[in-house]
Every structure is written in C-alpha cells, then in structure tokens.
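Chain by chain, the residues:
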Amino acid sequence: MQQRENWRDLAVFGGSPLFREPLHVNKPNLASRNRLFELLDGMLTSRWFSDGPLVREFEDRVGHLAGVRHCVATCNGTMALEIAVRALGLSGEVIVPSFTFAATVQALRWLNITPVFCDVDPKTHNIDPSHVQRLITARTSAIIGVHLWGQPCDIDALASIAKRHRLALLFDAAHAFGSSCGGRPIGGFGRAEVFSFHATKFVNTAEGGAITTNDDAFAARLRAVRDFGFDSNDQIVDVGTNGKMSEVCAAMGLTYLEALNELIAANQVTYRHYKAELAAIRGISLFPLETAGKSNYQYIVTVVDESITQISRDEILRVLQAENILAKRYLHPG
C-alpha cells in the first residue's frame with residue numbers, strides 16, 4: 001500500500017500526487033472478452049439485435065439467481081422503475097427513503113407521483129419502518145424500500161405495514177444483485193424488485209435493468225408496458241413505452257453472470273482489505289456488509305466521525321482527490 005511518510009508531503013499542500021493517473025470510483029469490471037466476442041458473433045449471424053434470444057437467456061439466468069418465476073429485462077434501471085410503477089398503477093403519494101439515488105425519486109415524478117421522504121436508520125442507512133408508519137395518508141399508494149449498499153432493508157417490517165394498510169410494496173434493488181436476506185436471494189420480495197445493470201455495477205450490461213417478480217399477471221403487464229403496450233398476441237392492451245434491452249447489452253450481462261462467484265469473491269477480498277487497514281484509524285469506520293445475509297461486497301463505504309477525527313469528511317475528500325484518489329460523497333446532493 002502506498003502511503004505518505006509526512007503530512008507536509010500531501011498534494012493538497014503542494015506535494016506531487018501519490019498516483020499519476022486518477023483512481024476512479026466504480027471503474028467497470030471486465031469479464032471474458034473472448035466470450036463476449038463469441039456471443040456478439042452469434043448475434044451478428046442471427047441478425048437479431050434487440051429483445052431476442054440473448055435477452056431471453058439473460059432474463060432466465062437473472063430470474064434463476066433471484067429465485068423468481070419472472071425477470072423482465074429493460075434498457076436501464078430507471079426505466080425498470082418507471083415501468084414497474086406504471087404497471088402497478090400507482091398514484092398520489094409513494095413513501096421513499098430520504099437517502100437514495102435520484103432515480104428512485106425521478107421515476108415517481110416522471111409519472112406525476114409525489115415522493116414522500118422517510119427517515120433512514122443511521123446504523124443501516126436504510127428506510128426506517130417506524131417512520132414509514134407515521135407518513136401514511138389517504139393518498140399513499142405504495143412504499144418503495146431501497147437495499148442501500150446491497151444490504152437488505154427491514155423487509156418483514158415493511159411487508160407487515162404494507163399489508164396492514166393495503167399498499168403496494170416495491171423494492172429498489174439497484175445495489176443488491178447477488179445479495180440475500182434470511183437465506184433468500186434479493187429479487188423475490190414485495191410485489192417486485194428492480195435491479196440496475198449500469199456500467200458501474202459489478203454485474204453490468206453496459207446499460208440495463210430488470211424487474212423480478214413471482215406474480216404471473218403482473219409480469220405479463222410489465223412485458224406489455226415495456227413493449228409499447230403490446231401483449232403476446234400483438235394486441236395493444238396498455239399504454240406502454242420502449243424499454244427493451246438490446247442483444248449487445250444482454251451479451252455483456254451474460255459474460256458477467258458466468259463469472260458471478262469470482263466477481264463477488266474479488267469484491268470480498270477488497271472489502272476485507274479496507275476493513276483491516278482502516279481498523280486502527282480512530283473516527284473512520286467501514287460500513288458493515290457482513291451482518292444481514294450474503295453480500296455482493298460492491299460498495300466500500302466509510303463513515304467519518306468528525307468529533308474524533310477533528311477534520312471533516314469534505315476536508316478528507318479534498319485531501320484524497322488531490323492525490324488523484326477520486327473518492328466521492330455518495331448520493332450527494334440529497
């Protein structure tokens with residue numbers, strides 16, 4: 001590990017950066033190039049470029065890994081959220097965590113639904129069920145839980161609240177592919193769960209998303225909304241959009257799925273290395289990823305206790321960025 005011997009040598013004070021080239025957060029993994037080229041060659045031979053056999057295979061594999069009957073692949077995770085919300089027929093208000101990526105909220109606003117922000121548990125960073133209960137009104141139609149950092153939110157508590165008040169329950173699982181809760185894979189909870197396979201995710205399709213569910217009728221509606229409202233008989237049965245995944249993106253995703261265990265193992269090694277190196281630094285704690293079930297170890301999140309460090313999070317960030325370590329304030333601005 002590279003390190004400074006003296007604080008006066010820090011780049012923020014005029015020293016040379018520790019790294020010549022910037023170290024980016026979430027630099028994409030690479031799976032097998034040869035396997036990707038093999039799949040793309042087959043695609044070119046078939047001349048089927050969109051929503052074809054590679055997409056069907058990708059959906060089957062994601063559905064199997066998520067332990068569900070249906071997976072509906074989409075062109076991106078935000079579109080997956082919008083399609084799920086549209087297919088659920090949500091309206092009025094939807095309760096969402098106040099600490100989440102913008103897409104969770106923008107998908108609602110795009111459909112003229114009002115997001116109602118809920119507090120998060122400072123220990124888990126996930127939505128606080130006790131506050132959800134206090135936010136429910138006559139206009140509430142659903143709750144969206146977010147499995148932040150790939151760690152499942154309190155699924156049982158949210159399910160109980162949703163059932164009691166007859167609300168739809170949807171999960172934004174953009175961070176959580178490959179994670180589990182109580183021995184069950186993330187993907188089969190609530191009415192549906194939504195994944196992102198953006199290039200920054202450890203399993204990616206360059207751009208892509210998916211909706212997983214065990215509800216047969218709902219899955220049929222999701223597929224119709226994704227494809228201009230067409231059903232399997234080419235009849236328009238709903239107001240739809242074009243949210244289909246391309247064969248190129250599915251080919252990318254298949255190469256990552258084939259290396260899934262190796263990718264998670266590599267993430268785990270990285271996480272445990274940070275855990276060991278940061279353990280002795282007072283005021284800097286690593287967000288725990290080994291508490292609520294199997295983790296994909298995708299996110300390395302540190303929390304700064306400024307009362308101990310006597311230096312703010314943002315000041316630490318400036319020091320790191322001067323060294324070409326491009327750490328970031330995640331989910332910022334709120």
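1. Focus: the overall build of the chain
For step 1, the next point in the chain: When its secondary structure is counted, the chain shows 11 helices and 13 strands.
For step 2, the next point in the chain: The globule rule puts the C-alpha radius of gyration for 334 residues at 20 Å, and the 21 Å found for the chain is close to it.
For step 3, the next point in the chain: With respect to the principal axes defined by its C-alpha atoms, the chain has extents near 70 × 55 × 35 Å.
For step 4, the next point in the chain: Considering the chain as a whole, with its 334 residues, one finds that 46% of them fall into the buried category.
For step 5, the next point in the chain: For the chain, the proportion of contacts with a sequence separation of at least 24, taken over those separated by at least 6, is 63%.

2. Digging into the pattern of salt bridges
For step 1, the next point in the chain: Inspection of every chain in the model, using the stated rule, returns 15 salt bridges.
For step 2, the next point in the chain: A salt bridge links Arg139 to Glu93, with the nearest nitrogen and oxygen atoms 3.2 Å apart. Within this pair, whereas Arg139 is found in the loop between α5 (129–135) and β5 (140–146), its partner Glu93 is found in strand β3 (residues 93–97), the two being separated by 46 residues in sequence.
For step 3, the next point in the chain: The class for Glu93 is buried, based on a relative accessible area of 14%.

3. So, the layout of surface pockets
For step 1, the next point in the chain: Space inside the second largest pocket adds up to approximately 690 Å³.
For step 2, the next point in the chain: Forming the boundary of the second largest pocket are 38 residues, of which Phe101, Ala102, Ala103, Tyr330 and Leu331 lie nearest the centre.
For step 3, the next point in the chain: When residues of the lining of the second largest pocket are traced back to their parent elements, those giving at least two are α3 (77–88), α4 (102–110) and β9 (192–196).

4. Thoughts on the sheet that holds β5
For step 1, the next point in the chain: The strand order across the open sheet built from 7 strands is β2-β10-β9-β6-β5-β3-β4, with neighbouring strands paired in mixed fashion. Strands with a single pairing partner mark the edges of an open sheet, and in this sheet they are β2 (70–74) and β4 (114–118). Mean inter-strand twist for the sheet, computed between neighbouring axes without regard to direction, equals 25°.
For step 2, the next point in the chain: Here 3 bridges tie β3 to β5, and the two strands are oriented parallel to one another. Following the sheet pairing, Val94 is matched in β5 by Ala142.
For step 3, the next point in the chain: Across the sheet, helix α7 (residues 216–226) is in contact with β2, β9 and β10 (209–213); its angle to β2 comes to roughly 15°.

5. So, the packing of helix α8 (residues 247–258) against helix α9 (residues 260–278)
For step 1, the next point in the chain: As a packed pair, α8 and α9 sit with axes 4 Å apart at the nearest point and diverge in direction by 70°. When the axes of α8 and α9 are compared, the pair comes out roughly perpendicular. Contact residues: α8 offers Tyr256, Leu257 and Glu258, while α9 offers Leu260, Glu262 and Leu263.
For step 2, the next point in the chain: Of the residues belonging to the contact of α8 with α9, the class tally is 4 nonpolar, no polar and 2 charged.

6. What about the pairing of strand β6 (residues 168–172)?
For step 1, the next point in the chain: A large share of β6 lies buried, amounting to 5 of its 5 residues.
For step 2, the next point in the chain: Burial of β6 is two-sided: the residues Ala168, Leu170 and Asp172 facing one way and the residues Leu169 and Phe171 facing the other way are all buried.
For step 3, the next point in the chain: Assessed by its sense of winding, the connection that carries the chain from β5 through helix α6 (residues 155–164) to β6 is right-handed.
For step 4, the next point in the chain: Here β6 pairs with β9 via 3 bridges, running parallel.

7. Details of unusual backbone geometry
For step 1, the next point in the chain: For the peptide bond that leads from His332 to Pro333, omega is 0°, which places it in the cis range.
For step 2, the next point in the chain: Assignment of secondary structure puts Pro333 in the segment after β13 (325–326).
For step 3, the next point in the chain: The backbone phi angle of Arg47 is positive, close to 60°, even though this residue is not glycine.
For step 4, the next point in the chain: When you line up the elements, Arg47 lands in the loop between α1 (33–46) and α2 (53–66).
For step 5, the next point in the chain: Arg47 gets classed as exposed once you look at its relative accessible area, which sits at 71%.

Rules behind the numbers
- All residue numbers here refer to positions counted from 1 along the written sequence of the relevant chain.
- At least 70 in pLDDT is required for a residue's local features to be given in this predicted model, at least 80 for side-chain atom pairs to be given and counted, and no such filter applies to totals for whole chains, interfaces and linings, which use all residues.
- By convention in this description, side-chain values take in all heavy atoms of the structure and omit both hydrogens and water.
- Counting from the N terminus, the helices are the DSSP runs of H or I reaching at least four residues and the strands are the DSSP runs of E reaching at least two.
- Only C-alpha atoms enter the radius of gyration; for comparison, a globular chain is expected to reach 2.2 Å times N to the power 0.38, where N is the number of residues.
- Burial classes: relative accessible area under 20% of the type maximum marks a residue as buried, over 50% as exposed, and values in between as partly exposed (1.4 Å probe, protein chains only).
- Any two residues whose heavy atoms approach within 4.5 Å are treated as being in contact.
- Think of a salt bridge as a Lys or Arg side-chain nitrogen and an Asp or Glu carboxyl oxygen that are within 4 Å of each other.
- Residues are said to line a cavity or pocket when one of their atoms sits within 4 Å of a point; the points come from a 1 Å grid over protein atoms alone, cavities being sets where a 1.4 Å probe fits but cannot get out and pockets being open sets with protein on both sides within 12 Å along at least five of seven lines.
- Grid points are joined across faces, edges and corners, and a volume is the space filled by probe spheres set on the points.
- The rule for pairing is simple: two strands pair if DSSP sees at least two bridges between them.
- Lines are fitted to the C-alpha atoms to define the axes, a helix being fitted only along its stretch in contact, and any angle between axes, read from their N-to-C directions, falls within 0 to 180 degrees.
- Here the angle decides the label: under 35 degrees means roughly parallel, over 145 means roughly antiparallel, 65 to 115 means roughly perpendicular, and every other value means oblique.
- Each residue receives one of three labels: charged for Asp, Glu, Lys and Arg, nonpolar for Ala, Val, Leu, Ile, Met, Phe, Trp, Tyr, Cys and Pro, and polar for the others, Gly being one of them.
- The path from the first strand over the helix to the second decides the hand: if it runs clockwise while the strands point away from the viewer, the crossover is right-handed.

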